[in-house]
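# Coordinates in review
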Amino acid sequence: MVNEKKMLPKRIILMRHGESAGNIDAGAYATTPDHKIPLTEEGRAQAREAGKKMRALISTHSGSACGENWRVYFYVSPYERTRTTLREVGKGFSRKRVIGVREECRIREQDFGNFQVEERMRAVKETRERFGRFFYRFPEGESAADVYDRVSSFLESMWRDVDMNRHQVDPSSELNLVIVSHGLTSRVFLTKWFKWTVEEFERLNNFGNCEFRVMELGASGEYTFAIHHTEEEMLDWGMSKDMIDDQKERVDGCRVTSNDSCSLHLHEYFDLSHDNGGVINYFSLHYCIFNENLFFSIPILSLLILLHFYILIKTAQTHFSTVTTKLADRLNLSPSMAAVTLLALGNGAPDVFASVAALRGGQYRTGFGAILSAGTFVSAFVVGFVAIYAAPFPVDAASFVRDVLFYLIAASFLFYVYLSGEIFVWQAIGFVGFYIFFVGFVFWMDFGTNVEKGKIISEEEKDLLRLQDCEIASGPLESYKAEKDHQFSGIFRLYGMISRIWETPVSVLLNLTIPKPSPSEWSRFYRSANIVFCPFALLYTCNSFVQLNHPISFLFPNTHLPLWLVVLFMTSSLAFLHFTVEKQPPKTEQLPVIVVAFIMSVFWISTIAGELLNCLAALGTLLKLPPALLGLTVLAWGNSVGDLVADVAVAKAGRPAMAMAGCFAGPMFNMLVGLGSALVMQTANVYPNAYKLGFHVGIVIAFVFLLLSLMGSLLVITWSRFRVPRFWGICLVGLYVAFTFVSLIIASVSS
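Thresholds applied
Residues numbered from 1 in each chain as written. Predicted model: local features only at pLDDT ≥ 70, side-chain atom pairs only at ≥ 80, totals over all residues. Heavy atoms only, no water. Core = buried A, V, L, I, M, F, W, Y, C linked by side-chain atoms within 4.5 Å. Buried < 20%, exposed > 50% of the residue type's maximum accessible area, 1.4 Å probe, protein only. Helix = DSSP H or I, 4+ residues; strand = E, 2+ residues; numbered from the N terminus. Contact = heavy atoms within 4.5 Å. Patch = residues over 30% accessible without salt bridge, like charges linked within 9 Å, V, L, I, M, F, W, Y side chains within 5 Å. Areas by Shrake-Rupley, 256 points an atom, 1.4 Å probe, with all protein chains shown as cover. Salt bridge = Lys/Arg side-chain N within 4 Å of Asp/Glu carboxyl O. Phe/Tyr/Trp six-rings, centres within 6.5 Å; stacked < 30°, edge-to-face > 60°.

Core analysis: the largest hydrophobic core is formed by 58 residues, its most contacted members being F400, I423, Y435 and M671. Of all the secondary structure elements, the ones that give two or more residues to this core are α14 (364-390), α15 (397-420), α16 (425-453), α23 (656-686), α24 (697-719) and α25 (726-750). No other element matches the 12 residues that α24 contributes to this core. In this structure M671 touches I371, L372, Y407, A410, A411, L414, G676 and L706, once residues within four positions along its chain are discounted. Formed by 37 residues, the second largest nonpolar core is a distinct cluster that contains L184, Y223, M234 and M239.

Printed below as a string of structure tokens:
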């Protein structure tokens, strides 16, 4: 009958056998079976001394309530050297202290494969070091992973003994379990017990002969080494700082969380940021720092979301829109040409990599769904927002019709391919080629028109056009903003107070990494800092291809330094040289500086948009919002929030026509180049066969709403004589709300 009150052991003590003949002479294994290897006289003496120390430790640290009322139960490996060790250890204990002994075959030594020839075993063990100690299986023997399996089985039996009180312990007594085993078996036992990873097992050092390690039950109700062993001892065992901290936290019940949920282990297996690698692991803030306390997690994540939005808006308005305008002027690009090149590249580059990663990982639904949901978001919500924000403003008739028609043709062709259920390599190449043809057509059309009409635009004309655009955008806009500010004055005041706190550090951070092209804004310190930090930002972007700590031979032969240190040395030297030599600002804006500023603006918008996505996803998960809602909102918004902020910033900068063109060119770039490149890779892998596409009604709905938004914009703006009306912006936002509602219903029904 099971005892209703479970008596947990006060201590679990792991002990390795004493010095054996095999430890002195490895050749002994060639003539004597492993299980018959005896102890040496030194080993016997070690065991007797260890028995005395063990008894003194247990007796000294027994609880005051129990006094001397403690007992010991032994588990021992059936090998000769462990059994002899136990006999010698037992001489330190009186008979009344020992409840019993069980010979347990599952805690035997790792099987190395019968008789062991010394030369052969030396070569085998060298191979094991290269292969990995945990997974390497000895010929005719076991791997440490095999030992792990049988030790796991032993642990289950041991706990059944405790649960059913098979040790027959009096409730007033302290139970001490002593396991006399082998070095590797004991390390495997600890790995299983504390849920350590294979990598953490690999770093552990072996027990010394007759060394014992004491796990005692702490106030937290968990076993820990930290009561009887110092941090220095645990470091000597090979435990990492995180492993030692975990042991300390087990002592008094102040553990942050278990290994199962703390990011120390969880982030190695799952991307907690919804397939979007980020700088911060927002789930670990909740699980590991705030101890799963929503009272702290929710406000902090909400503040971080506000911070991310602030950095996005600051980057887009202060840097991206200004630099994009300067670059378009320098290259003498029309709004259409700037949209299909600069805006499309800036907004779409991150989505290209995301689409490639999704399809390469076999998640074609994720790739299609993300691109189409983001396309609908931009063509409906972003276009609508730009229209509400800056309307009424004119668009060039030919350019507008061209952009929307090309996007319609591309979306329709992709829709046809999706409905067919398969795609061939020539079709995938056609997507990428179609965008290249589109860019060439835009350049031919704009250049041809300008040359034909003699419209080589001067700087004065550009300034005049910019001024006119600003007047168009600011007339009704100011009254609209004033009305909104009055309605939400309390919210804006709160946001203003919060934003003032982080305004200076954010501005400094952006200025350190994004150069200012204008000579009037030139700073010798910031320009030197740009030389140091811009390469590091780009290096971080390429981290998935080249690790920051990738070893590089540099300066000294046979010396490998991490890549980041080499880059730091080189950029710091250049920065010091620049700071020393350059005393005056340049007389004119330099094109290379404008290009670098454009690239770094794209880097910040892409990075912060990803962080915003991760933070929103974490907040939604903690609030237990439906996954379907998160997928249709957070994931789509995360892919397109950069487009929204960048396009609105460009519209505010006096270029609403360029922003409108970017609303069509950007998603088309994502669809044709991003999704197209990924499909080229996948179809090439199965060539000459077709790559199969499964049918899902949610993707069909996304196609339908995308086509509706494009056809609606084409008809309404054409009907309005190519002026964007504000009412159509409201309609487009409503269309996106309807798309979200319908998609959410379909996702809920499907799940």
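Next comes the rest of the description.
Right, let's talk about the environment of F424 for a bit. Topologically, F424 is positioned in the loop between β8 (422-423) and α16. You can call F424 partly exposed: its relative accessible area is 29%. Distance from F424 to L679, taken between C-alpha atoms, is 8.9 Å for residues 255 residues apart in sequence. Aside from chain neighbours lying at most four places away, what touches F424 is T683, P688, N689 and A690.

Before going further, it helps to examine a nonpolar patch on the surface. Together, L331, L538, L591, V595 and I599 line one region of the surface with nonpolar side chains, adding up to about 360 Å² of accessible area. In terms of residue count, the dominant contributor to the nonpolar patch is helix α21 (residues 591-622) (three residues). Relative to the helices and strands, I599 resides in helix α21.

This part covers the packing of aromatic side chains. A ring pair, where both rings are aromatic, is described by two values, the distance of the centres and the angle of the planes. This structure, assessed with the given rule, holds 34 aromatic pairs. Relative to W237, the ring of F225 has its centre 5.1 Å away and its plane inclined at 80°; by these criteria the two rings are edge-to-face. Separated by 12 residues along the polypeptide, F225 in the loop between β6 (223-224) and α8 (231-236) and W237 in the loop between α8 and α9 (241-252) bring together distant segments of the chain. The exposure class assigned to F225 is buried, which follows from its relative accessible area of 0%. An angle of 40° between the planes, with centres 5.3 Å apart, marks the rings of F406 and F434 as tilted. Of this pair, F406 sits in helix α15 while F434 is found in helix α16, placing the two residues 28 residues apart along the sequence.

What follows is about the pattern of salt bridges. Taken as a whole and judged by the stated rule, the model has 24 salt bridges. As a salt-bridge pair, R250 and E222 come within 3.1 Å of each other at their nearest N and O atoms. Here E222 lies in the loop between β5 (212-217) and β6 and R250 lies in helix α9, a separation of 28 residues in the sequence. Accessibility expressed as a relative area gives 6% for R250, which makes it buried. By relative accessible area, which is 26% here, E222 ends up partly exposed. Several salt bridges converge on common partners, so that one network encompasses E41, R44, R48, E88 and K91.

Checked against the element boundaries, E142 lands in the loop between α4 (118-131) and α5 (144-163). Excluding residues that lie within four positions of it along the chain, E142 makes contacts with R108, E109, Q110, D111, Y136, R137, V147 and R150.

Looking now at unusual backbone geometry. A positive phi is found at K195, a non-glycine position, where the angle reads about 60°. Within the fold, K195 resides in the loop between α6 (183-193) and α7 (198-202). Phi is positive for R721, which is not a glycine, with a value near 60°. Its place among the elements puts R721 in the loop between α24 and β12 (723-724). Take R721: its relative accessible area is 74%, and that puts it in the exposed class.

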